[in-house]
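Chain and residue survey
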Amino acid sequence: MTNPMVPPQFTSVKMADVHIGKHVIIGSGSVILAGVILEEGVAVGALSSVHKDCLAFGIYLGNPARRIGERRRDLLALEQELTSSSN
């Protein structure tokens, strides 16, 4: 039960922070559940439902989201080049 008139002790609503790392991409319409950690570089496909933590630079897709591949890490070198050239 989740009706606002139901006292909290009778509901099963979970409230927790979602942690989103650097360079994370979340596709439109995706649902990230409470307490999930998306590590650096994770990509979540559109309309996916993420129930568990996602490991760094993984590509996740589906309902529930499953790891289907690995993202390239080239962008870390580009980020380093950008930040060093701006000084």
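See above for the structure.
Reference entry: report on the structure contained in this document. Residue numbering note: each chain is counted from 1, following its sequence as written. The model is predicted, so local features are restricted to residues of pLDDT at least 70 and side-chain atom pairs to those at 80 or more, both for listing and for counting; the totals for chains, interfaces and linings are taken over all residues. The side-chain figures draw on all heavy atoms in the structure; neither hydrogens nor water molecules are used.

**Focus on the overall build of the protein chain**
The secondary structure content of the protein chain amounts to 1 helix and 8 strands. Written out in order from the N terminus, the α and β elements of the protein chain read β-β-β-β-β-β-β-β-α. We take the radius of gyration over the C-alpha atoms and set the globule estimate at 2.2 Å times the residue count to the 0.38 power. Against the compact-globule benchmark of 12 Å for 87 residues, the protein chain has a radius of gyration of 17 Å, which places it well outside the compact range. Structurally, the protein chain occupies a C-alpha span of about 55 × 30 × 20 Å along its principal axes. Partly exposed describes any residue whose relative accessible area lies between the buried limit of under 20% and the exposed limit of over 50%, with all areas from a 1.4 Å probe on protein chains only and scaled to the type maximum. Here the protein chain, with 87 residues, has 22% of them falling under the buried criterion. Here the contacts in the protein chain between residues at least 6 apart in sequence split such that 8% fall between residues at least 24 apart. When the accessible area of the protein chain is evaluated, it comes to approximately 6,300 Å², of which 59% is carbon and sulfur surface. Here the positive residues are Lys and Arg and the negative ones are Asp and Glu; neither His nor the chain ends is included. We put the charge of a Lys on NZ, of an Arg on CZ, of an Asp on CG and of a Glu on CD. Side chains of the protein chain give 8 positive and 8 negative charges; the mean places of these two sets differ by 8 Å. Strands here mean DSSP runs of E at least two residues long; helices mean DSSP runs of H or I at least four residues long; both are numbered from the N terminus. In this analysis, two residues are considered to be in contact whenever any of their non-hydrogen atoms come within 4.5 Å of each other. Accessible surface area values rest on a Shrake-Rupley calculation with a 1.4 Å probe, where residue burial reflects the displayed protein chains alone.

**As for a nonpolar patch on the surface**
Candidates for patches are residues over 30% relative accessible area with no salt bridge; among them, like charges are joined within 9 Å and nonpolar side chains (Val, Leu, Ile, Met, Phe, Trp, Tyr) within 5 Å. What makes a salt bridge here is a side-chain nitrogen of Lys or Arg within 4 Å of a carboxyl oxygen of Asp or Glu, nothing more. Together, V18, I20 and I26 make up an exposed nonpolar region whose accessible area comes to about 230 Å². Checked against the element boundaries, I20 lands in strand 1 (residues 19-20).

**Remarks on the side chain of R71**
Mapped onto the elements of the fold, R71 is located in the loop between strand 8 (66-70) and helix 1 (74-85). The charged side chain of R71 is buried without a salt bridge, its nearest counter-charge being E70 at 9.0 Å. Within polar-contact distance, the side chain of R71 engages the backbone oxygen of H23 at 2.9 Å. Not counting residues up to four positions away in its chain, the partners in contact with R71 are H23, I25, G41, V42, A43, F57 and I59. Pairs of N or O atoms are called polar contacts if they sit within 3.5 Å, as long as, within protein, a hydrogen donor faces a hydrogen acceptor (for residues adjacent in sequence, only side-chain-to-side-chain pairs).

**Here's the deal with the environment of S28**
Within the secondary structure, S28 is located in the loop between strand 2 (25-26) and strand 3 (31-32). Measuring from C-alpha to C-alpha, the distance between S28 and G45 comes to 7.8 Å, with 17 residues separating the pair along the chain. Apart from residues lying up to four places away in sequence, S28 is in contact with A46 and L47.

**Brief notes about the pattern of salt bridges**
A full pass over the atoms with the stated rule returns 4 salt bridges. Across the salt bridge formed by E70 and R67, the nearest N and O atoms sit 2.2 Å from each other. Across the salt bridge formed by R73 and E70, the nearest N and O atoms sit 3.2 Å from each other. Among the charged side chains, a salt-bridge network with shared partners connects R67, E70 and R73.

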